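Read off the chains here:
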Amino acid sequence: RVRPVKGTGHLLIRVAGLGSTSSSSSILDLPSDQLGYQHGEVFDFSYVGDRPGEPYRARDTFVDVDQSARKLGDQLRAMGRDHPGREVDLVAHSQGGIVVRTYLERYYDAGDSELPPLGRVVTLASPHGGAPIATAGWLIRGSASGSAALDVLDSVAPHVPPADAPSVQQLREGSPLQRSLDETPLPDQIELRTIGGTDDFIVPSSNSTFSGADSHVVVNPKGPNDHAAITADPAATNAVGLALEGRAPPCTGLLAFMRNAVTAKLLTDVEHGIGLMGRAAGEVVDRQVGTDKWERQPGG
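Position labels on residues start from 1 in each chain and follow its written sequence. Note on the predicted model: pLDDT of at least 70 is required for a residue's local features to be given, and 80 or more for side-chain atom pairs to be given and counted; whole-chain, interface and lining totals, by contrast, use all residues. Water and hydrogen atoms were dropped before computing side-chain values, which therefore reflect all heavy atoms in the structure.

A. The overall build of the protein chain, seen in detail. Scanning the protein chain from N- to C-terminus turns up nine helices and six strands. What the globule rule says is 2.2 Å times the number of residues to the power 0.38, and the radius of gyration is computed from C-alpha atoms. Scaling as 2.2 N^0.38, a compact globule of 300 residues should have a C-alpha radius of gyration of about 19 Å, and the protein chain matches this with 19 Å. Split by element, the accessible area of the protein chain, about 13,300 Å² in all, is 55% carbon and sulfur. Numbered from the N terminus, helices here are DSSP runs of H or I no shorter than four residues, and strands are runs of E no shorter than two. Per-residue accessibility takes into account occlusion by the displayed protein chains alone, with areas from the Shrake-Rupley method and a 1.4 Å probe.

Shown next, in the form of structure tokens:
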């Protein structure tokens, strides 16, 4: 159990990820009370509206990440007006971490008097290096028949983010957004810790950090879905708490380090392989039915 950071007086904005809703998301499982936040100090980013906590639907998370980043700026200004002088920490899950990073790198201005002072920033299972599963979908959409097959899948599985949604396209490895973020440093005064999951098949641990992060931690949540379970994982909560206190991350043993690296490489290779095989199969079908090769341009 993490030691609560008592009396800090900070506020917290939790930023949920792709496919979340205002009432259903993994970030809601973050044990904010264990992290020292009191009642009335925890707020949730909304993918719509100008203030934290406004209701949003899953499809609202599919929009251009830059648009969501600007929403975060609007909501931080609202926090500054409602709670003058109170420092705000940011903890984000999955796509939420890319929303936060995009805001910090493109729009944050420490000299803006309308903004509240920012404290620590932590991302959990965020695809800072891109999501191989999004890359696989992009590869499959490189043929007309592959694109049509994914369209059918999107229509029968509405809870799954559409492979051609703007934010999904932006989360693939090497997308224009990913390249832009890698070329832009974080503001000097921002301290950001990244946390990934050992067996996360959505965002392998090697992709859950970036060179500009102050520190990186890999944890191994219980259960088959590290990506969702990481927000409630005790080891992850401990790493978040240490970051909020400005303390060094917990140490990782050599065996755990090696396992993390091997597992991340395996998961990434498998997902890339699925994408390449899907693309190749689609191109074969295209030739057989006489359909011209077609490739969708990724979003920026």
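B. Representation of the pairing of strand E1 (residues 11-15). Each residue is placed in one exposure class: buried if its accessible area under a 1.4 Å probe, protein chains only, is under 20% of its type's maximum, exposed if it is over 50%, and partly exposed if it falls in between. By the criterion of burial, E1 is predominantly enclosed, with five of the five residues buried. Taking every second residue as pointing to the same face, both faces of E1 are buried, with Leu11, Ile13 and Val15 on one and Leu12 and Arg14 on the other. Of the pairings in the sheet, the one linking E1 to strand E2 (residues 42-44) comprises three bridges and is parallel in character. Residue pairing across strands places Arg14 opposite Asp44, the latter belonging to E2. By definition, two strands form a pair when at least two bridges between them are found by DSSP.

C. The arrangement of the sheet that holds strand E6 (residues 215-219) in detail. The six strands are arranged E2-E1-E3-E4-E5-E6 in an open sheet whose pairing can be described as parallel. With one partner strand each, in any of the chains shown, E2 and E6 form the two edges of the open sheet. Here the strands of the sheet are splayed against their neighbours by 20 degrees on average, with no regard to which way each runs. Fitted lines through C-alpha atoms serve as axes, helices being fitted only where they are in contact, and the angles separating the N-to-C directions of these axes extend from 0 to 180 degrees.

D. Highlighting the side chain of Arg101. Mapped onto the fold, Arg101 is located in helix H2 (residues 95-106). The term polar contact refers here to a pair of N or O atoms within 3.5 Å; inside protein, the definition further demands a hydrogen-donor-capable atom paired with an acceptor-capable atom, and it admits residues adjacent in sequence only when both atoms are side-chain atoms. Of the polar contacts made by the side chain of Arg101, one reaches the backbone oxygen of Leu181; its length is 3.3 Å. Beyond its immediate chain neighbours, meaning those up to four positions away, Arg101 contacts His128, Leu181, Asp182, Leu186 and Phe210. Between two residues, a contact is recorded if the distance between any of their heavy atoms is within 4.5 Å.

E. The arrangement of the pattern of salt bridges in detail. We count a salt bridge whenever a side-chain nitrogen from Lys or Arg sits within 4 Å of a carboxyl oxygen from Asp or Glu. By the definition in use, this model includes 16 salt bridges. Arg86 is paired through a salt bridge with Glu41; the nearest N and O atoms lie 3.2 Å apart. Taken together, the residues Arg86 in the loop between helix H1 (65-82) and strand E3 (88-93) and Glu41 in the loop between E1 and E2 connect sequence positions 45 residues apart. We classify Arg86 as partly exposed; its relative accessible area is 28%. A residue is classified by how much of its surface remains accessible, and Glu41, at 12% relative accessible area, is buried. One salt bridge in this structure joins Arg57 and Asp60, with 3.8 Å as the shortest N-O distance. The partly exposed category is assigned to Arg57, whose relative accessible area is 47%. In this structure Asp60 comes out as buried when scored by relative accessible area, which is 14%. Each member of the salt-bridge network shares a partner with another, and the members are Asp66, Arg70 and Arg106.

F. The arrangement of the layout of surface pockets in detail. Grid spacing is 1 Å over the protein atoms alone, the probe is 1.4 Å, and a cavity is where that probe fits but cannot get out, while a pocket is an open set with protein on both sides within 12 Å along at least five of seven lines and lining residues have an atom within 4 Å of a point. Grid points are joined across faces, edges and corners, and a volume is the space filled by probe spheres set on the points. Put simply, the largest pocket is a space of about 950 Å³. For the largest pocket, the lining is made up of 35 residues, of which Leu18, Ile133, Val160, Pro161 and Ile202 are closest to its centre. If you list the elements that add at least two residues to the lining of the largest pocket, you get helix H3 (132-140), helix H4 (144-156), helix H7 (226-229) and helix H9 (254-289). Considering every element that reaches the lining of the largest pocket, the biggest residue donor is H3, with five residues. Under the scheme applied here, ten amino acids are nonpolar (Ala, Val, Leu, Ile, Met, Phe, Trp, Tyr, Cys and Pro), four are charged (Asp, Glu, Lys and Arg), and all others, including Gly, are polar. Along the lines of polarity and charge, the residues of the lining of the largest pocket split into 20 nonpolar, 13 polar and two charged. Each pocket or cavity is described by its volume, and for the second largest pocket that value is around 160 Å³. Together, Ser205, Ser206, His216, Val218, Thr252, Phe257, Asn260, Ala261 and Ala264 line the second largest pocket. Listed by contribution, the elements that provide at least two residues to the lining of the second largest pocket are E6 and H9.

G. Highlighting the pairing of E6. When you tally the buried positions in E6, you get four out of five residues, the bulk of the element. Pairing of strand E5 (residues 192-197) with E6, which is carried by five bridges, proceeds in the parallel orientation. Each residue of the ladder has a partner; that of Ile195, found in E6, is Val217.

H. Inspection of the environment of Val168 at higher detail. By secondary structure assignment, the location of Val168 is in helix H5 (residues 166-170). For the pair Val168 and Ala213, spaced 45 residues apart in sequence, the C-alpha to C-alpha distance is 23 Å. Setting aside anything within four residues of it in sequence, one finds Val168 in contact with Leu18, Ala134, Pro161, Pro162 and Ala163.

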